[in-house]
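Secondary and tertiary structure notes
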Amino acid sequence: PAAAFAKSPNMPENVPYAVKVRCDTLKQKFDAASAHPKNPAELDAAREAASQGGALCRASKYEEGGDSLARALRLIGESAD
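Attention here is on the structure that accompanies the text. Since we're looking at a predicted model, the values are computed, not measured. Going along each chain's sequence as written, the residues are numbered from 1 onward. It should be noted that, the model being predicted, local features are given only for residues of pLDDT at least 70 and side-chain atom pairs only at 80 or more, the latter also being counted only at that level, while totals for whole chains, interfaces and linings use all residues. Here the side-chain values reflect all heavy atoms present in the structure, with hydrogen atoms and water set aside.

**Notes on the state of the cysteines**
Condition: The term disulfide is used for any two cysteine sulfur atoms that are within 2.5 Å. Every helix listed is a DSSP run of H or I at least four residues long, and every strand listed is a run of E at least two residues long, numbered separately from the N terminus. Each residue gets one of three labels from its accessible area relative to the maximum for its type: buried under 20%, exposed over 50%, partly exposed in between, using a 1.4 Å probe on protein chains only.
For the structure shown, the criterion picks out 1 disulfide. Disulfide pairing places C23 opposite C57 at an S-S distance of 2.0 Å. Between C23 and C57, the S-S torsion sits near -80°, and that sign places the bridge as left-handed. Highlighted residues: C23 in helix α2 (residues 17–33) and C57 in helix α3 (residues 43–58), separated in sequence by 34 residues. The class of C57 is buried, set by a relative accessible area of 11%.

**With respect to the pattern of salt bridges**
The cut-off we apply is this: Here a salt bridge means any side-chain nitrogen of Lys or Arg lying within 4 Å of a carboxyl oxygen belonging to Asp or Glu.
Scanning the model with the defined rule gives 3 salt bridges in all. Residue D67 is joined to R22 by a salt bridge in which the shortest nitrogen-to-oxygen separation is 3.2 Å. With D67 in helix α4 (residues 62–75) and R22 in helix α2, this pair connects stretches of sequence that are 45 residues apart. Here K38 makes a salt bridge to E78, at a shortest N to O gap of 4.0 Å. In this pair, K38 sits in the loop between α2 and α3 while E78 sits in the segment after α4, placing the two residues 40 residues apart along the sequence.

Written out as structure tokens, the structure reads:
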């Protein structure tokens, strides 16, 4: 019976707080870094990845969104750590 009350692992409230915060942190870091990118040739691709990441984060797909934002940062030569 207890299993009947278990929430789906895909529900946002089961996502650790740190995973949610990662989205905001990486978005802020991208916004700051994109003003003066180390690798400006990849800026358009990075902006597209960051936009996708932001949309995923807003849709409560925090892990996928964070990964996309991290990829955007790496494209412009920044660390995602």
